[in-house]
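# Secondary and tertiary structure notes
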Amino acid sequence: MDYILAIFVGIGLSISAGFRLFTPLFVLSLTTKLGWMELGAGFEWLSSTPALIGFGVAVVIELVCNYIPVVDNFMKMIAAPFALMAGTLLTVSVIGVDDSPFLSWALALIAGGGAATSAQLTSTAVRGTSTVTTAGIVNPVVAIIEEIGAWMMSIVSIIFPIVAVILVIVFMVIFIKMFSTIRARFS
């Protein structure tokens, strides 16, 4: 059962990486540094002080960039491959690679990387639609929703992993409805 819960934690953190790349890495680093969670063997570096500081600085930079016109869309455009890598790393770091490294990495890539990439592409589509249809006026609202979603999903994924899976579905429905509403309103 612990393995399944670890997979849920990994997927929840990966979804969060699709909204904000560094928020789940910071949250995971902080919770493991505080001893609230354990990482798989070989991933202890994520809880190191330099990693925690680096992720914290990256969270602030990412936050600022999402409120600067043009920069926000550029960041979203290039973030998809990084979301895939972050989602894979987040998932494999919590499930570990002890028993079967190939299976662990494959699962992390498919479940974690796939979840992060799906969330990232959905977020990018919403941001792009917002930019095109409202000349970017709604982008700060989209950025706030993404920010809240990333923090909430990261924290809930660690505290209540099963709830995180339900939140994944809720976030995807909200983003799809938001995308459809913006598109219909300005088409």
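Preceding block: the structure.
We now turn to the structure provided with this report. Note that this is a predicted model, so its numbers are computed, not measured.

### Considerations on the packing of aromatic side chains
With the rule as written, the count across this model stands at two aromatic pairs. With a centroid separation of 6.1 Å and 75° between ring planes, the pair formed by Phe-26 and Trp-151 is classed as edge-to-face. Of this pair, Phe-26 sits in helix H2 (residues 23–33) while Trp-151 sits in helix H6 (residues 139–159), placing them 125 residues apart in sequence. Taking the relative accessible area as the measure of exposure, Trp-151 reaches 28% and is therefore partly exposed. Considering the side-chain rings of Phe-43 and Trp-105, the 6.2 Å spacing of their centres and the 50° angle between planes classify their relative orientation as tilted. Linking Phe-43 in the loop between H2 and helix H3 (49–65) with Trp-105 in helix H5 (residues 101–134), this pair joins segments that are 62 residues apart in sequence. When its relative accessible area of 7% is taken as the criterion, Phe-43 is described as buried. Residue Trp-105 is classed as partly exposed on the basis of its relative accessible area, which comes to 40%.

### Some points on unusual backbone geometry
Positive phi outside glycine occurs at Ala-135, with the angle close to 60°. Note that Ala-135 resides in the loop between H5 and H6.

### Re helix H4 (residues 71–95)
With 25 residues, H4 extends 35 Å between its outermost C-alpha atoms, agreeing within 8% with the 36 Å of an ideal straight helix rising 1.5 Å per residue. The largest bend in H4 amounts to roughly 50° and is located at Ala-79, with the proline Pro-81 lying one to four residues further along. Immediately beyond the C-terminal end of H4, within one or two residues, lies Gly-96, with a positive phi of roughly 80°.

### Remarks on the environment of Glu-147
Here Glu-147 is to be found in helix H6. Separated by 131 residues in the primary sequence, Glu-147 and Ser-16 have C-alpha atoms spaced 9.1 Å apart. Contact partners of Glu-147, with chain neighbours within four places excluded, come to Arg-20, Thr-23 and Leu-63. At 2.8 Å, the side chain of Glu-147 forms a polar contact with the side chain of Trp-151.

### Concerning the side chain of Glu-146
Within the secondary structure layout, Glu-146 lies in helix H6. A distance of 2.7 Å separates polar atoms of two side chains, one belonging to Glu-146 and the other to Arg-20. What Glu-146 contacts, discounting residues up to four positions off in sequence, is Phe-19, Arg-20, Lys-76, Ser-123, Arg-127 and Phe-175.

How each quantity is defined
Residues numbered from 1 in each chain as written. Predicted model: local features only at pLDDT ≥ 70, side-chain atom pairs only at ≥ 80, totals over all residues. Heavy atoms only, no water. Phe/Tyr/Trp six-rings, centres within 6.5 Å; stacked < 30°, edge-to-face > 60°. Helix = DSSP H or I, 4+ residues; strand = E, 2+ residues; numbered from the N terminus. Buried < 20%, exposed > 50% of the residue type's maximum accessible area, 1.4 Å probe, protein only. Expected span 1.5 Å × (residues − 1). Bend = angle between axes of the 7 residues up to and from the residue. Contact = heavy atoms within 4.5 Å. Polar contact = N/O pair within 3.5 Å; in protein donor to acceptor, adjacent residues only side chain to side chain.

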